[in-house]
Amino acid sequence: MSERVVLVGYGPVGARLIDGLLPAVREGRIDLTVVGAEPHDVYNRVLLAEYAVGRTERAGLDMDDRRVAEEAGVRFHLGATVVGVDRHRRVVRLHDGIRLDYDRLVLATGSRANVPTLAGMERARRDRASVAATPADLDLGGAPLPRGVVALRDLADAEHVRAAVSAGQRIVVLGAGVLGMELALAAAEAGAEVVVAYHSAAPMNRTLDENGGRVLAAAATAVGVEMAHHARAESILLRHDDHGQAWFDGLVCADGKVLAGDLLVLSCGVAARTEVASLAGLATSTGILVDGSSRSWTDPNVFAIGDCAHVADPADTDAQGRVPGGPSGLVGPGWRQADRLAALLSSGATGSAPVERPGVVTLKAEGIDVMAGGAVDADPFSHAPGCHGPQVTLWADPARGAYVKLVTVEGVLTGFVAVGMPRTGAELTLLFERGSELPADRSSLLRLDAPDAGMAVVADPLAADVTVCWCNGVSAGAIREAVADGEPTVACVKAATRAGTGCGGCVGRISELLAREAVPA
């Protein structure tokens, strides 16, 4: 008898689970039903900014082919939301009255954009405890966002940004995390006028140290992006068109400064969609609490994966009931969760979840190289030479847009920042991934970006065991094998290994590897 699995969520992580379950569906061992809030087939949300600025077309966002899953026997309910879960009877109830029986329930509900508390859009903040009555209400608060304000979380948002970029309008980006900076730099390159507003002293303050962020801010300013630091947004100004409709006109900061614009893009982080889990009485924290097998702390027949899942050990809960950590917010860990859960549901195969090593953040921007990984906040003067604890090495040339910070413990690289130093950044990425010791002469790393350095490197950044695609965990060796069995193209590599189908940050390295392989030895 088939095991009935209901999957709530048809995003990239949900689609990965479907793909992993297809063999069992075809064999009749699993009866799979998928519920998705959007009416569209699954698309890559990570690349929405690329579409919004015109770097890729709509077809470039498409991921899996739903028809293949349907032919295998998977049933889809798209444009639908869950309004009730009866865990005792194992029934999911949809907004249109449809009831779905399950043996195993998988929640891949993802996350929604945080809406800041700004005067003029107070009612747009969503009550996270409320359940959407219809798909259109999934991310809405008491009122929609004002016209001219978007969060760039779905295709409709991307269309608004795309129109503003095409018209060369002035775009205000609120928030200077990696996604906000990538959008701002890409929109400016495409011809829009862009200003980035952020509370901190420097952009990307969760990834870079302050000095590295300042060098990035200077580089962004040099290519035409206005950077407004210490800009604590308080309210928005609205203008009215000839039809009496109110539109965004400007962002008002605490110091009285007004950042005028035609479009406001909110890039203020995300929060897990946990309301369905809460409705079902499941334990939640910053996400749906699950163990290393993605199984709910509350119900062994319920699982959660992706941006909604907070993987933690119940034993780690402190005396106040607080649980450390939270959802990763990255597609790579979500895909790995989906792969492990597919194996568990298909065959009962279990295995301890690997500890997710902190990934390397790479800013995708033309002409601005930023790479960072690990903890980088260590004070360079807090430990004397020879003492235990983190040791910090700094090198800065702000006038030329170059900055490097290295954090080591007993010689092993535990964190780094590299701005404007692409070859050094690539080498540090390799050393960080391998947990390697740095060379005794730290300055040898800096010489990698010297004009006369040629292509000499301390180690091969494309050695067989080096991870090229962090999202899918694909090594350079696996890519070479795929090329040997197919064609030396990025498209072939994507199809054979999935490398390059996540955030897209590794496509340049894939191209570099293919170019190297094409050169006769």
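See above for the structure.
Residues numbered from 1 in each chain as written. Predicted model: local features only at pLDDT ≥ 70, side-chain atom pairs only at ≥ 80, totals over all residues. Heavy atoms only, no water.

Novice: Sorry if this is basic, but what is going on with the overall build of the protein chain here?
Specialist: In terms of helices and strands, the protein chain carries 13 helices and 27 strands. Against the globule reference of 24 Å for 521 residues, the protein chain gives a C-alpha radius of gyration of 24 Å, in line with a compact fold. In terms of overall dimensions, the protein chain has C-alpha extents of about 70 × 60 × 55 Å along its principal axes. For the protein chain, the proportion of its 521 residues judged to be buried stands at 46%. Nonlocal contacts in the protein chain, meaning residues at least 24 apart in sequence, comprise 60% of its contacts between residues at least 6 apart. (Helix = DSSP H or I, 4+ residues; strand = E, 2+ residues; numbered from the N terminus. Rg over C-alpha atoms; globule rule 2.2 N^0.38 Å. Buried < 20%, exposed > 50% of the residue type's maximum accessible area, 1.4 Å probe, protein only. Contact = heavy atoms within 4.5 Å.)

Novice: Hey, could you run me through the layout of surface pockets in this one?
Specialist: Rolled over the atoms, a probe as big as a water molecule pinpoints where empty space is left. As a volume, the second largest pocket reaches approximately 340 Å³. The wall of the second largest pocket is formed by 17 residues, among which D62, M63, D64, R498 and T501 lie closest to the centre. Mapped by element, the contributors of at least two residues to the lining of the second largest pocket are α1 (12–26) and α12 (490–497). A class-by-class count of the residues in the lining of the second largest pocket yields seven nonpolar, four polar and six charged. (1 Å grid on protein atoms, 1.4 Å probe; cavity = no way out; pocket = protein on both sides within 12 Å on 5 of 7 lines; lining within 4 Å. Points joined across faces, edges and corners; volume = space filled by probe spheres on them. Nonpolar A, V, L, I, M, F, W, Y, C, P; charged D, E, K, R; others polar.)

Novice: Explanation requested: the side chain of T424 in the structure shown.
Specialist: Within the secondary structure layout, T424 lies in helix α9 (residues 422–434). Side-chain polar atoms of T424 contact the backbone oxygen of L445, separated by 2.8 Å. Excluding anything up to four places from it in sequence, T424 contacts V404, L445, L446, L448 and D449. (Polar contact = N/O pair within 3.5 Å; in protein donor to acceptor, adjacent residues only side chain to side chain.)

Novice: Please clarify how the state of the cysteines should be interpreted in this entry.
Specialist: Any covalent bond linking the sulfur atoms of two cysteines counts as a disulfide. Counted under the stated rule, the structure contains zero disulfides. Its sulfur unpaired, C253 is 12 Å from the next cysteine sulfur, which belongs to C268. (Disulfide = S-S within 2.5 Å.)

Novice: Honestly, the sheet that holds strand β16 (residues 263–266) in this entry has me stumped. Any pointers?
Specialist: Hydrogen bonds between backbone atoms are what pair the strands of a sheet, whose relative direction is either parallel or antiparallel. The strand order across the open sheet built from five strands is β9-β16-β10-β11-β12, with neighbouring strands paired in parallel fashion. Only two strands of the sheet have a single neighbouring strand rather than two, namely β9 (149–150) and β12 (225–228). Where β9 and β16 come together, two bridges link them in parallel fashion. Counted as the bridge partner of V150 is V265 from β16. Contacting β9, β10 (170–174) and β16, helix α4 (residues 155–166) crosses the sheet at an angle of about 135° to β16. (Pairing = 2+ DSSP bridges. Axes fitted to C-alpha atoms, helices over the stretch in contact; angles between N-to-C directions.)

Novice: Help me understand the packing of aromatic side chains in this model?
Specialist: Applying the stated criterion to the full structure yields two aromatic pairs. It is R66 that lies over the ring of F76; its NZ or CZ is 5.8 Å from the centre. (Phe/Tyr/Trp six-rings, centres within 6.5 Å; stacked < 30°, edge-to-face > 60°. Lys NZ or Arg CZ within 6 Å of the ring centre and 35° of its normal.)

Novice: Even after reading the chapter, I still don't get the sheet that holds strand β24 (residues 402–409), so can you show me in this structure?
Specialist: Strand order in the open sheet formed by five strands is β21-β22-β25-β24-β23, and the pairing between neighbours is antiparallel. Looking at strand neighbours, the two that pair on one side only are β21 (360–362) and β23 (391–397), the edges of this open sheet. Averaged over neighbouring strand pairs, the angle between their axes works out to 15° when direction is ignored. Two elements, β24 and strand β25 (residues 412–419), share seven bridges in a ladder whose sense is antiparallel. Its bridge partner lying in β25, Y403 is registered against V419.

Novice: How should the pattern of salt bridges be read in this particular structure?
Specialist: For side chains bearing opposite charge, pairing can occur when the charged atoms are close. Within the structure shown, the criterion is met by 26 salt bridges. Linking E275 and R112 is a salt bridge whose minimum nitrogen-to-oxygen distance equals 2.6 Å. Linking E275 in helix α7 (residues 275–279) with R112 in strand β8 (residues 111–113), this pair joins segments that are 163 residues apart in sequence. In the salt-bridge network here, residues are joined through shared partners; they are D41, R66 and E70. (Salt bridge = Lys/Arg side-chain N within 4 Å of Asp/Glu carboxyl O.)

Novice: Please explain the nonpolar core as it appears in this structure.
Specialist: The nonpolar side chains of a soluble globular protein tend to be buried with one another. Core analysis: the biggest nonpolar cluster contains 48 residues, and L152, V161, M181, V194, V196, V225 and L363 have the highest contact counts within it. When residues of this core are assigned to their parent elements, the largest contribution, seven residues, is made by helix α5 (residues 178–189). Discounting residues that sit within four places of it in the chain, L363 has contacts with V178, M181, E182, L185, M204, L216, I368 and V370. In this structure, L21, L32, V106 and I305 belong to the second largest nonpolar core, which totals 43 residues. (Core = buried A, V, L, I, M, F, W, Y, C linked by side-chain atoms within 4.5 Å.)

Novice: When you look at the pairing of β25 in this model, what are you seeing that I'm missing?
Specialist: The two faces of a sheet get side chains in turn, since along a regular strand they alternate between them. The buried fraction of β25 amounts to six of the eight residues, a majority that puts the element mostly inside the structure. One ladder, built from five bridges, connects strand β22 (residues 370–374) with β25; its direction is antiparallel. Following the sheet pairing, M371 is matched in β25 by A418. Count of turn residues in the β24/β25 antiparallel hairpin: two residues, of which E410 carries a positive phi of about 55°.

Novice: I would appreciate a short explanation of the packing of helix α11 (residues 476–485) against α12 in the present structure.
Specialist: Angle between the axes and distance between the axes are the two parameters that describe a pair of packed helices. For the pair α11 and α12, the least separation of the axes is 9 Å and the interaxial angle reads 110°. Regarding the angle of α11 to α12, the classification is roughly perpendicular. Only C492, V493, A496 and T497 of α12 make contact with α11, whose side of the interface consists of A478, I479, A482 and V483. Looking at the contact of α11 with α12 residue by residue, the classes come out as seven nonpolar, one polar and no charged. (Parallel < 35°, antiparallel > 145°, perpendicular 65-115°, else oblique.)

Novice: Would you explain the environment of A463 in this entry?
Specialist: Among the structural elements, A463 can be located in the loop between α10 (443–446) and β26 (467–469). By relative accessible area, A463 is classed as buried at 17%. Sequence separation between A463 and I171 is 292 residues; the distance between their C-alpha atoms is 42 Å. Once residues within four sequence positions are removed from consideration, A463 is found in contact with R434, A476 and R480.

Novice: I would appreciate a short explanation of the side chain of T408 in the present structure.
Specialist: Secondary-structure assignment places T408 in strand β24. In this structure, T408 is in contact with G389, P390, Q391, L413, T414, L438 and R442, ignoring residues within four places of it in sequence.

Novice: Help me out: how do you make sense of α1 in this one?
Specialist: Every α-helix winds through 3.6 residues per turn, so residues three or four apart in the chain are directed the same way. Taking 1.5 Å as the rise per residue, α1 with 15 residues should run 21 Å; its terminal C-alpha atoms sit 21 Å apart, in good agreement. When the local axis directions of α1 are compared, the greatest deviation, roughly 40°, occurs at G20, which is followed within four positions by the proline P23. In terms of burial, α1 is a largely internal element, 11 of the 15 residues being buried. Within α1, burial applies to P12, V13, G14, A15, R16, L17, I18, L21, L22, A24 and V25. Note on α1: the residue one or two positions beyond its end, G28, has a positive phi of about 80°. (Expected span 1.5 Å × (residues − 1). Bend = angle between axes of the 7 residues up to and from the residue.)

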